[in-house]
Amino acid sequence: MACLSSARRLIAEGHPIFENTGPPLKGPFGRTRAVASIAGLECARRFVQFAAMLSPTSVKDALNQTAPVAPILVQGWVRTRRDSKDFSFIELNDGSSLRNLQIIARNSLSNYAALQRLITGASILVRGALVASQGKGQNWEVIADEVTIVGASDDSYPLQKKGHTPEFLREIAHLRPRSNLFGCVFRVRSRLAFAIHQFFQERGFYYIHTPIITGSDCEGAGELFRVTAINANDPPRKPDGGIDYTRDFFGRSTYLTVSGQLEAEAFASALSKVYTFGPTFRAENSNTSRHANEFWMIEPEMAFIDLNGNMDLAEEIVKYLIRDVREKCPEELGLFAKFVDKELLGRLDFVVERPFQRTTYTEAIELLKKSGEKFEFPVEYGLNLQSEHERWLTEKHFKCPVTVFNYPKEIKPFYMRLNDDERTVTAMDLLVPGIGEIVGGSQREERLEILEANMRHHKMDPADYKWYLDLRRYGTVPHSGFGLGFERMLMFVTGVANIRDVIPFARTPGSAEF
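Keep in mind that what you see is a predicted model, and the values were worked out from it rather than measured.

Counting secondary structure elements, the protein chain contains 15 helices and 16 strands. Per-residue burial for the protein chain yields a buried fraction of 49% across its 514 residues. The long-range share in the protein chain, meaning contacts at least 24 apart out of those at least 6 apart in sequence, stands at 65%. As displayed, the protein chain has an accessible area near 25,200 Å², and 52% of this comes from carbon and sulfur atoms.

Taken as a whole and assessed by the stated rule, the structure comprises 29 salt bridges. Notably, a salt bridge pairs Glu 395 with Arg 391, separated by 2.7 Å at the nearest N-O pair. One end of the pair, Glu 395, and the other, Arg 391, are both in helix 12 (residues 387–397), 4 residues apart, so they sit about a helical turn from each other. Where Asp 470 meets Arg 473, a salt bridge forms, and the shortest distance between an N and an O atom there is 2.8 Å. Placement of both Asp 470 and Arg 473 in helix 14 (residues 466–473) is noted, with a separation of 3 residues, approximately one turn of the helix.

So, about the pairing of strand 10 (residues 273–281). By the criterion of burial, strand 10 is predominantly enclosed, with 8 of the 9 residues buried. Sheet topology note: the strand 6 (residues 206–207)/strand 10 ladder contains 2 bridges and is parallel. Counterpart to Tyr 207 in the pairing with strand 10 is Tyr 275. For strand 10 and strand 11 (residues 294–303), the ladder comprises 9 bridges, and the chain directions are antiparallel. Bridged to Lys 273 within strand 11 is Met 302.

This part takes up the nonpolar core. Grouped together as the largest cluster of nonpolar side chains are 61 residues, with contacts concentrated most on Met 489 and Phe 492. Element by element, the count of residues in this core is highest for helix 6 (residues 180–202), at 11 residues. If we skip the residues at most four places from it in the chain, Phe 492 touches Ile 322, Leu 344, Arg 347, Leu 348, Val 351, Val 432, Pro 433, Ile 435 and Ile 438. Counting 28 residues, the second largest nonpolar core, distinct from the first, contains Leu 393, Val 425, Met 455 and Leu 469.

Attention now moves to the sheet that holds strand 10. Read across the sheet, 8 strands follow the order 6-10-11-16-15-14-13-12 without closing on themselves; strand pairing throughout is mixed. Two strands bound the open sheet, and with one partner strand each, they are strand 6 and strand 12 (357–360). Most of the contacts of helix 6 go to strand 10, to which it runs at about 150 degrees, and overall it touches strand 6, strand 10 and strand 11. The strands that helix 11 (residues 361–370) touches are strand 12 and strand 13 (402–408); relative to strand 12, the one it contacts most, it runs at about 90 degrees.

What follows covers helix 6. Residues separated by three or four positions in an α-helix point in the same direction, a consequence of the helix having 3.6 residues per turn. Taking 1.5 Å per residue as the helical rise, helix 6 with its 23 residues ought to reach 33 Å, and the 33 Å between its terminal C-alpha atoms agrees with that figure. Looking one or two places after helix 6, you find Gly 204, whose phi comes out positive at around 80 degrees.

For the rest of this paragraph, the subject is the environment of Pro 330. Checked against the element boundaries, Pro 330 lands in helix 9 (residues 330–339). Judged by relative accessible area, which is 52%, Pro 330 ranks as exposed. Sequence-wise, Pro 330 and Val 188 are 142 residues apart; in three dimensions their C-alpha atoms are separated by 9.9 Å.

What follows is about the sheet that holds strand 5 (residues 140–151). Across a sheet, strands are paired by hydrogen bonds formed along the backbone, either parallel or antiparallel in direction. Read around the closed barrel, 5 strands run 1-2-3-5-4, paired in mixed fashion. On average, each strand axis in the sheet is tilted by 50 degrees relative to the strand beside it, whichever way the strands run. Where strand 2 (residues 87–93) and strand 3 (residues 101–106) come together, 6 bridges link them in antiparallel fashion. Pairing of Phe 89 across the sheet is with Ile 104, part of strand 3.

If you trace the backbone, Ser 480 turns up in strand 16 (residues 479–485). Classification of Ser 480 as buried rests on a relative accessible area of 0%. Among the polar contacts listed, one links the side chain of Ser 480 to the backbone oxygen of Ile 305, at a separation of 2.6 Å. Reaching out from Ser 480, the side chain makes a polar contact with the backbone oxygen of Asp 306 at a distance of 3.3 Å.

Looking now at the packing of helix 6 against helix 8 (residues 307–328). Remark: helix 6 packs on helix 8, axes separated minimally by 10 Å, with the N-to-C direction vectors making an angle of 135 degrees. When the axes of helix 6 and helix 8 are compared, the pair comes out oblique. When you trace helix 6 past helix 8, the crossing you get is right-handed. In this structure, helix 6 contributes Val 188, Arg 191, Leu 192, Ala 195, Ile 196, Gln 198, Phe 199, Phe 200 and Glu 202 to the contact, and helix 8 contributes Leu 313, Glu 316, Ile 317, Tyr 320, Leu 321, Asp 324, Val 325 and Lys 328. Looking at the contact of helix 6 with helix 8, its residues break down into 11 nonpolar, 1 polar and 5 charged.

What follows covers the environment of Ser 88. With respect to the secondary-structure elements, Ser 88 resides in strand 2. With 15 residues separating them in the primary sequence, Ser 88 and Ile 103 have C-alpha atoms 8.0 Å apart. For Ser 88, the contacting residues outside a window of four places in its chain are Arg 81, Arg 82, Asp 83, Ile 103, Ile 104, Ala 105, Tyr 112 and Gln 116. Here Tyr 112 takes part through its side chain, which lies 3.0 Å from a polar atom of the side chain of Ser 88.

Residue-level pLDDT values for the protein chain average 89, and 89% of them are 70 or greater. With pLDDT under 50 throughout, residues 15–39 is counted as low confidence; its partners more than four residues away or in other chains account for 36 contacts.

The next thing to look at is the side chain of Thr 214. Tracing the backbone through its elements, the reader meets Thr 214 in strand 7 (residues 213–214). With sequence-adjacent residues up to four places away left out, Thr 214 is seen in contact with Thr 254, Tyr 255, Leu 256, Thr 257 and Glu 263.

Moving on to unusual backbone geometry. In the segment running from Ala 70 into Pro 71, the intervening peptide bond is cis, with an omega of -5 degrees. Tracing the sequence through the fold places Pro 71 in strand 1 (residues 69–83). Phi is positive for Asn 406, close to 60 degrees, though the residue is something other than glycine.

Using the criterion set out here, one finds 17 aromatic pairs in the structure. Where Phe 277 meets Phe 486, the ring centres are 5.1 Å apart and the plane angle is 70 degrees; that geometry is what we call edge-to-face. Remark: Phe 486 occurs in helix 15 (residues 486–494) and Phe 277 occurs in strand 10; sequence separation between them is 209 residues. Across this residue pair, the class does not change: Phe 277 and Phe 486 are buried. Note on Phe 414 and Tyr 415: the rings are 5.5 Å apart at their centroids and 80 degrees apart in plane angle, and the pair reads as edge-to-face. Side by side, Phe 414 and Tyr 415 carry an identical accessibility label, which is buried. Members of the aromatic cluster, connected to one another through ring pairs, are Phe 199, Phe 200, Phe 205, Tyr 207, Tyr 275 and Tyr 320. The ring of Phe 89 has Arg 82 lying over it, and the distance from NZ or CZ to the ring centre is 4.1 Å. Geometry around Tyr 468 places Arg 472 over its ring, the cationic atom sitting 4.2 Å from the centre.

Rules of the game
- Residue positions are counted from 1 within each chain, in the order its sequence is given.
- In keeping with the model being predicted, local features are shown solely for residues with a pLDDT of at least 70 and side-chain atom pairs are shown and tallied solely at 80 or more, while totals for entire chains, interfaces and linings include all residues.
- Hydrogens and waters are ignored; side-chain quantities use all the structure's heavy atoms.
- Secondary structure elements follow DSSP: runs of H or I no shorter than four residues count as helices, runs of E no shorter than two count as strands, and numbering proceeds from the N terminus.
- Only protein chains enter the accessibility calculation, which uses a 1.4 Å probe. A residue is then buried if its area is under 20% of the maximum for its type, exposed if over 50%, and partly exposed in between.
- The contact rule is simple, with two residues in contact once any of their heavy atoms fall within 4.5 Å.
- Every accessible area reported is derived by Shrake-Rupley at a probe size of 1.4 Å, with residue values counting cover from the shown protein chains alone.
- Salt bridge, as used here: a side-chain nitrogen of Lys or Arg that lies within 4 Å of a carboxyl oxygen of Asp or Glu.
- Strand pairing requires that DSSP identify at least two bridges connecting the strands.
- In this description, a nonpolar core means a group of buried Ala, Val, Leu, Ile, Met, Phe, Trp, Tyr and Cys residues linked to one another through side-chain atoms lying within 4.5 Å.
- Axis definition: a line fit to C-alpha positions, over the contact stretch in the case of helices; interaxial angles, taken between N-to-C directions, run 0 to 180 degrees.
- Each residue after the first adds 1.5 Å to the expected span of a helix.
- Definition of a polar contact: a pair of N or O atoms within 3.5 Å, with one able to donate and the other able to accept a hydrogen when the atoms are protein atoms, and with sequence-neighbouring residues admitted only if both atoms are side-chain atoms.
- Roughly parallel means an angle under 35 degrees; roughly antiparallel means over 145; roughly perpendicular covers 65 to 115; every other angle is labelled oblique.
- Crossings are assigned a handedness: left-handed for a near helix turned anticlockwise from the far helix by less than a right angle, right-handed for a clockwise turn.
- Note on residue classes: Ala, Val, Leu, Ile, Met, Phe, Trp, Tyr, Cys and Pro are nonpolar, Asp, Glu, Lys and Arg are charged, and everything else, Gly too, is polar.
- Per-residue confidence from the predictor is given as pLDDT, running between 0 and 100.
- Ring pairs shown here join Phe, Tyr and Trp side chains whose ring centres sit within 6.5 Å, with only the six-membered ring taken for Trp; geometry is labelled stacked below 30 degrees between planes, edge-to-face above 60, and tilted in between.
- Placement of a positive charge over a ring is assigned whenever Lys NZ or Arg CZ falls within 6 Å of the ring centre and within 35 degrees of the normal to the ring plane.

Below you can see the structure in the form of structure tokens.
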């Protein structure tokens, strides 16, 4: 409606673009007043006329009507156009639905000749009557009384009526949401984000915004993107020749966050149940289909909750999100099941209907060793499970989602609670078929002395984390949390195999386009 307001204002002010006489125009509005008139009076005034009378109806809502509607205003982009003797059929889509709305444009329309030149990608406004369709496969169509061409397209438009590979579509990420597949992916992404908030809000959690710029490495892996305002050509130097980051913008080294967990723990120590949902960044030089350098994480933190309660919540949210998408996105899941992964719906229902299996890391290693499988990566106690190991556990052995817990302390971060055996920590990873790890979490170490010892063991200076240690000094409690990878969850519910295809504009090594 902003366009409508602007057009009305320009007409009311008598702006030159809406006049038809006078000397040639200079500036951005066109070469002559006559040319400006074509763009202004023919398009803008019709736009005002249409929109002033009617509020636009989405294609989705039009297709879901239970009775004819007249008049109706719809708007969107042309998917296809074909001509008959006395009229043209235009398939219109506005992104609200996988299905298109058929427009019947008769040859009696004043601009019918121009409509016959419409090609895929053009945008139009249509005023007419929604009537029962005479064609197969659709309930409704619009008989157009007036069609306004808002934006033309040309033969260079890369999305034609044919199949395109995901690799090709990544090269035109600014246009790929207009394709059927990616329109579905990003509608499901939107719904999944809403369902995440709904899940936590229904359970009394508070939504916390944690910093994107941070001075700490939560995971301790060192894979961080530095944030600096220092002049790269003339940086301030320390006596030893190193860069002096005390003279940087924040007076210290700062980075893009890898996790909001530490800050969320602070709020859980006051509000009991909180969650974050935001972008995280890792400078990991990995080009696998499961890794991206910018991605979104859901991270709840809960006071007075142990590892068992943590695993319960992780398993509950996975089932909840699957059920929500199954109910709210049937069209989209139907496309994925037909063209992306024919086993998708069965796998999703399988996860929802069955309890999760739980096994310790030690038991998982023994099962993998006895499996007889030839894995690419070695299976040894003290090594991280790789994707191939996780998928064997879920797809071949247990044949259901699996939660693995109690990992060796050497392979997990400093903040995880040490078990009584002093060899393992209260870590847990939730594994699902087709993806592997989708959730990772732990009970946090609430004992001050042990936490400080863990930091020193990981070559960390406790003085750098004074505020975090204060949470253990002032009213410490057992508490737990986890991270759910949003894109990995999206990959699981859509069957899309590459993380680059569930992020609007992927950030991966060597690639930061768009």
